[in-house]
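Descriptive analysis of the structure
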Amino acid sequence: MCKIQLFEQILLIVNFVPLVVSSINNHKMFRPRGALARTVMDKIQIDKDLSAMDKSHWYQIREEEMGHISMEILNKFSPLHLDVATQEFLDKAVENSDNICWQIWLSLATSVLSWFMSPTSINGYLGRGSMHVFSKAQFRSLIGWDDHVIRSLLDIGAGDGTTTNQMAPCFSHVYVTEISKPMKQVLTTKGFSVLDENCWDESEERFSVISCLNVLDRCDEPRILLEKIKEKLEPDGIAVIAFVIPFNPYVEFGKNERSFKK
């Protein structure tokens, strides 16, 4: 496809958006024929649904579905809420997804890089895929931070360090591990001490807090990882664990994926 044709398609999409918005706002049952146009229309509708959604449900649990969990554990549940920092992250994500030219570039680059890079490394190389687990205020609430500086944090599988940045101000020293080389470079530029992902647990160092956020379902041996975290915590240390429910594990192996070993 020549550049002029590509520009015409982009221009057509941009001109098409107001029509789609008008159709949605007028509640018309309008479905364009083109696949690309339908994708744009579906995205606009999803954005509209997200904006109107009651997001308080994100921070609630259904006790009737927690029958297999003891009341002792349920009573420890501390609900958070959609704070300003989290809303800003959502707004930024919507803004990025609305940038059609940028999304086309990312799609093309991902198609090429996927031949020889893992999804995580592609995200690191392209500067995308940032994760938001909690804001600074939410993290401080979770660990009961009382304004004193804590000695050390180890963030396992830190990605591009976006969530690490939310935790870092509470600590004197911040260490991270990460498998992806592009992500390691990003973490280094942000000033974090990058430990070897294969032997971080072999030193005498113990950590005040160890975070493991959305990693257990992406590693080969999650139970062994949990045991290592327990061993490397200080006697009164805190482990901060996050994973997606339902638990759906896969492991990146080069550019391929597979279930974990154990």
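For the structure, check the block above.
Below: a short report on this structure. The structure displayed is predicted, hence computed values, not measured ones. (Residues numbered from 1 in each chain as written. Predicted model: local features only at pLDDT ≥ 70, side-chain atom pairs only at ≥ 80, totals over all residues. Heavy atoms only, no water.)

**Some thoughts on the environment of Ala242**
Mapped onto the elements of the fold, Ala242 is located in strand β5 (residues 233-242). Separated by 27 residues in sequence, Ala242 and Val215 place their C-alpha atoms 7.8 Å apart. (Helix = DSSP H or I, 4+ residues; strand = E, 2+ residues; numbered from the N terminus.)

**Quick look at the pattern of salt bridges**
Counted under the stated rule, the structure contains 6 salt bridges. Of the charged contacts in the structure, one is a salt bridge between Lys184 and Glu197, with a shortest N-O distance of 2.9 Å. Linking Lys184 in helix α9 (residues 181-189) with Glu197 in the loop between β3 (193-194) and β4 (207-213), this pair joins segments that are 13 residues apart in sequence. Salt-bridge contacts for Asp201 lead to Lys228; the nearest nitrogen and oxygen are separated by 3.8 Å. Of this pair, Asp201 sits in the loop between β3 and β4 while Lys228 sits in helix α10 (residues 222-232), placing them 27 residues apart in sequence. Taken together, the shared-partner salt bridges in this structure form one network comprising Arg151, Glu205 and Glu234. (Salt bridge = Lys/Arg side-chain N within 4 Å of Asp/Glu carboxyl O.)

**Observations regarding the sheet that holds β4**
Strand order in this open sheet of 5 strands is β3-β2-β1-β4-β5, and the pairing throughout is parallel. This sheet does not close on itself; its edge strands, each paired only once, are β3 and β5. The pairing of strand β2 (residues 171-177) with β3 spans 2 bridges and is classified as parallel. Opposite Tyr175, over in β3, you have Ser193 as the bridge partner. Strands β1 (150-156), β4 and β5 of the sheet are contacted by α10, whose axis makes an angle of about 145° with β5. (Pairing = 2+ DSSP bridges. Contact = heavy atoms within 4.5 Å. Axes fitted to C-alpha atoms, helices over the stretch in contact; angles between N-to-C directions.)

Everything listed here is a matter of geometry and, on its own, says nothing about what the molecule does.
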